[in-house]
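# Secondary and tertiary structure notes
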Amino acid sequence: MNPRVKPTWTADDSARLYGIRDWGAGYFDLNAQGEVAVKVAFPTGGVTVSLMDIVSGIAQRGHAMPVLLRIENLLDAQIALLNDAFRRAIAEAGYRGEYRGVFPIKVNQQAQVIEEIVHFGARYRHGLEAGSKAELVLALAALGEGDLLICNGYKDREFIDLGLWAQKLGIRCFFVIESPSELPVILERSRALGIKPLIGARVKVSAKVGGLWTETSGDRSSFGLSTTQLIAVLDTLKQEEMLDCLQLLHCHLGSQIPDIQDIRAGVLEACRYYADLIREGAPLGTLDLGGGLAVDYVGSRANDVHSRNYTLDEYCADIVEVVMSTLDPQGIAHPQLVTESGRATVAYSSLLLFNILDVTHFEAVDLPTSPPDGGHELVRNLFRVRDDLATTDLQESYNDALYWRDEIRELFKRGQISLRERSLGENLFLAVAQSIAGRLDTLARVPAGLQGLAESLADIYYGNFSVFQSLPDTWAIGQIFPVMPIHRHLEPPRRQVIISDLTCDCDGKLDNFIDARGERKTLPLHPLNPGEEYLIGVFLMGAYQETLGDLHNLFGDTHVVSVRINQDGSFDVMKEIAGDSIADVLSYVEYQPQALFESLRSSAEAAVRKGTIDIGERQRLLEEYAASLRGYTYFER
Ligand SMILES: Cc1ncc(COP(=O)(O)O)c(C=O)c1O
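Residues numbered from 1 in each chain as written. Predicted model: local features only at pLDDT ≥ 70, side-chain atom pairs only at ≥ 80, totals over all residues. Heavy atoms only, no water.

## Thoughts on unusual backbone geometry
Most peptide bonds adopt trans geometry, and most residues besides glycine take a negative phi value. Cis geometry marks the peptide bond from Met65 to Pro66, where omega comes out at 0°. For Pro66, the location among the structural elements is in the loop between α3 (51–60) and β4 (67–71). Its identity is not glycine, yet Arg301 carries a phi of approximately 45°, on the positive side. Along the chain, Arg301 turns up in the loop between β11 (286–288) and α11 (312–327). Even without being a glycine, Glu590 presents a positive backbone phi close to 75°. The topology assignment puts Glu590 in the loop between α20 (582–588) and α21 (593–610). Taking relative accessible area as the criterion, Glu590 reaches 71% and is therefore assigned exposed. (Helix = DSSP H or I, 4+ residues; strand = E, 2+ residues; numbered from the N terminus. Buried < 20%, exposed > 50% of the residue type's maximum accessible area, 1.4 Å probe, protein only.)

Right, dumping it as structure tokens:
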């Protein structure tokens, strides 16, 4: 039981409990029916659509859970917010340079997402950042004349040739030098093709940033030039009389930077580099500050790894202010500002929806009121602990219950106690432990030995999804995403839960959740209603998750449905991409589905010969096998 639920429960109570109005950034809230709704702003006013209505539209189109839902309007809105915030900061400060955003493709490479970003970003001339040859190839097809393309990462000759041709097409394609070895190839290919390159230099700023990437920031960052390497690049360009090509300075402090002071310190250091390169004769003109703009996943607006202690407006204003205050005293013209915000651009627009398939409770069932006649002494001891609970110290009761339960387990191993007696003992232990957990709220101070008790008794809800496929960062780096049911918010969520996925892996679970008071180990959820789906949403997961996901246990890509919400409150399903079939995932790991079918066909044929199955059964088996090959990798009702 969740001790924090009130007898009368409203959507506002739920909103507070799950923090949706804090992390939802105005995009998500609860409606009067107690359902999560997405809110979209139009010039004529806001429109709210229930996720349950979208889910039912998805089901009518034949897609089972789990589904990755993309809401195009939110991508559109985030691009507008970022660009407008920079434009405002620039206008307010009297900054004499413009802002150009680029989207780092690695943050979400899905064709549909990139198409949407290029489409919605066109009015701001929002460009792209490519960190590999494959990303460059897709960017070249997506961008047009005058668009900005920043090329980071290691570049071979083919990469450089493509980038140089892009420039001929009018794309402003910058090669950002990450390592000194790239420069000779750029110079050689530029001479060979007769195309002058646009060059950027990526510097390692020494300022370290907080957050999950702190260890790879500063001097230990794997990318960027040290001061010695920067000078070598500068001198080579001078010798080759190509210093005029050095038109961009780049730095990337890290992703998800929670503290605005770290951002200010990094930008200031970048500006010092900028000023000195200008003094050295480089024309520059563009200052690219990389990514790092954080998403407030918990809604606490704090200097915490999953949050940020600044607003978007503050981020933009501070960058503009630091650049001006560093360059103005030196009489240096204001550069064009570029940022490569990935996470903040796409996180909000995608959410994972899945259903709960089953539950394990850790509580006593059908417990007799008194020990059975002739019951084992150890079991009788446990009954006594339970009956004396009200008058005994809670820690002492727990110690005793644990002791007697473990003794019972020992005797069972030695064959001195029966399975039924052991089961009764385990049941009694759970009854005592649940009862103690329920009383902890009455204590002024919870004893250390009882502090994890409620969590250890939490239900396990089995979700129809794979952490490794859909939310890899929760497993890999302990990322927290907001998780909550998308309906039933007029009922109190009385269960404390951890969510296990479908993989046979004990790491395949969600057991760290956001809470108004910080993080919590269990999530309050509703008891399942028989015959009714219980639907969970994982929000703000549009960044990094889709391509980092893997095929653990051969759970493949989920269905993806992209919707656009209209001004009249209706929505259009813009795209539906079927998730991987079993044949798809098997072929990813080098099986040939046709050969598998053939192999089963000959086993079935042999079984018919032996008389183990008849021809009709053979047919049914093969039809079901073929249907499974075509089917979804997730649990189907
Ligand atoms: C060079 C570069 N630019 C931009 C980004 C995107 O950062 P973020 O998602 O924090 O905006 C990254 C990611 O770490 C990066 O390495």
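## Focus on the pairing of strand β8 (residues 172–177)
Burial runs high along β8: 5 of the 6 residues are buried. Sheet topology places strand β7 (residues 148–151) next to β8; 4 bridges connect them, and they run parallel. Residue pairing across strands places Ile150 opposite Phe174, the latter belonging to β8. Between β7 and its parallel partner β8, the chain crosses via helix α7 (residues 157–168), and the hand of that crossover is right-handed. Summarising the sheet, β8 and strand β9 (residues 198–202) pair through 4 bridges and their orientation is parallel. Paired with Ile177 across the bridge in β9 is Ala201. Following the chain from β8 across helix α8 (residues 182–193) to the adjacent parallel β9, one finds a crossover that is right-handed. (Pairing = 2+ DSSP bridges. Right-handed = clockwise from strand over helix to strand, strands pointing away.)

## A word on a nonpolar patch on the surface
Taken together, the side chains of Tyr588, Val589 and Tyr591 present a nonpolar region at the surface, about 300 Å² in accessible area. With respect to the helices and strands, the residue Tyr591 is situated in the loop between α20 and α21. For Tyr591, a relative accessible area of 45% corresponds to the partly exposed category. (Patch = residues over 30% accessible without salt bridge, like charges linked within 9 Å, V, L, I, M, F, W, Y side chains within 5 Å. Areas by Shrake-Rupley, 256 points an atom, 1.4 Å probe, with all protein chains shown as cover. Salt bridge = Lys/Arg side-chain N within 4 Å of Asp/Glu carboxyl O.)

## Here we look at the domain arrangement of the protein chain
Taken as a whole, the protein chain is organised into domain 1 (97–341), domain 2 (377–454) and domain 3 (593–630). Centre-to-centre separation of domain 1 and domain 2, based on C-alpha positions: 60 Å. (Domains from an automatic or database assignment.)

## Quick look at the packing of aromatic side chains
Tallied over the full model, the rule gives 16 aromatic pairs. Seen from their ring centres, Phe86 and Tyr99 are 3.9 Å apart, and the 10° between their planes marks the pair as stacked. One end of the pair, Phe86, is in helix α4 (residues 72–93); the other, Tyr99, is in strand β5 (residues 99–104), with 13 residues separating them in the sequence. Grouping aromatic residues by their ring pairs yields a cluster made of Phe86, Tyr99, Tyr310 and Tyr315. A cation sits over an aromatic face here: Arg405 above Phe429, 4.3 Å from the ring centre. (Phe/Tyr/Trp six-rings, centres within 6.5 Å; stacked < 30°, edge-to-face > 60°. Lys NZ or Arg CZ within 6 Å of the ring centre and 35° of its normal.)

## Comments concerning the environment of Asp550
Within the fold, Asp550 resides in the loop between α19 (545–548) and β22 (559–565). Taking relative accessible area as the criterion, Asp550 reaches 35% and is therefore assigned partly exposed. Ignoring any residue separated from it by four or fewer positions in sequence, one finds Asp550 in contact with Phe468, Gln469 and Phe555. A distance of 3.1 Å separates a polar atom in the side chain of Asp550 from the backbone nitrogen of His552. (Contact = heavy atoms within 4.5 Å. Polar contact = N/O pair within 3.5 Å; in protein donor to acceptor, adjacent residues only side chain to side chain.)

## Quick look at the site of the ligand
Near the ligand there are 15 residues, and of these Ser255, Glu340, Gly342, Arg343 and Tyr544 occur at the shortest range. Interatomic distance of 2.6 Å between a side-chain N/O atom of Ser255 and an oxygen atom of the ligand. At a separation of 2.8 Å, an oxygen atom of the ligand approaches a polar backbone atom of Gly342. For the ligand, whose accessible area on its own is 400 Å², the fraction buried by protein is 92%. Within the shell around the ligand, the residues separate by chemical class into 2 nonpolar, 8 polar and 5 charged. (Near = heavy atom within 4 Å. Nonpolar A, V, L, I, M, F, W, Y, C, P; charged D, E, K, R; others polar.)

## Some thoughts on the sheet that holds strand β1 (residues 28–30)
Here 3 strands make up an open sheet; going across it, the order is β1-β2-β3 and the pairing antiparallel. Of all strands in the sheet, those bounded by a partner on one side alone are β1 and β3 (45–50). Strand-to-strand twist in this sheet, taken as the mean axis angle between neighbours without regard to direction, amounts to 40°. Of the pairings in the sheet, the one linking strand β2 (residues 36–42) to β3 comprises 6 bridges and is antiparallel in character. Each residue of the ladder has a partner; that of Val40, found in β3, is Val47. Packed onto the sheet, α3 meets β2 and β3 and runs at close to 55° relative to β3. (Axes fitted to C-alpha atoms, helices over the stretch in contact; angles between N-to-C directions.)

## What about the environment of Tyr632?
Within the secondary structure, Tyr632 sits in the segment after α22 (615–630). Separated by 53 residues in the primary sequence, Tyr632 and Gly579 have C-alpha atoms spaced 6.9 Å apart. Beyond its immediate chain neighbours, meaning those up to four positions away, Tyr632 contacts Ala64, Met65, Pro66, Asp557, Thr558, His559, Gly579, Asp580 and Ile582.

## Comments concerning the environment of Leu148
Turning to its location among the elements, Leu148 is positioned in strand β7. Its relative accessible area of 0% is what places Leu148 among the buried residues. Separated by 190 residues in sequence, Leu148 and Val338 place their C-alpha atoms 9.6 Å apart.

## Details of the sheet that holds β7
Each strand in a sheet pairs with another by means of backbone hydrogen bonds, the pair being arranged parallel or else antiparallel. Ordered in space as β5-β6-β7-β8-β9-β10-β11-β12, the 8 strands form a closed barrel in which the pairing is parallel. The mean inter-strand angle of the sheet, taken between neighbouring strand axes irrespective of direction, is 25°. As paired elements, β11 and strand β12 (residues 336–339) share 3 bridges and run parallel to each other. Following the sheet pairing, Thr286 is matched in β12 by Gln336. Packing of α7 onto the sheet brings it into contact with β7, β8 and β9, and relative to β8 it is tilted by some 145°.

## Quick notes on helix α5 (residues 111–121)
Across the 11 residues of α5, 8 count as buried, placing the element largely inside the fold. When α5 is considered as a whole, its buried residues turn out to be Gln112, Val113, Ile114, Glu116, Ile117, Val118, Phe120 and Gly121.

## Points about the side chain of Glu546
Counting through the fold element by element, Glu546 comes out in helix α19. Of note is the side chain of Glu546, whose polar atom sits 2.6 Å from the side chain of Arg70. With sequence-adjacent residues up to four places away left out, Glu546 is seen in contact with Leu68, Arg70, Asn108, Gln110 and Ser350.

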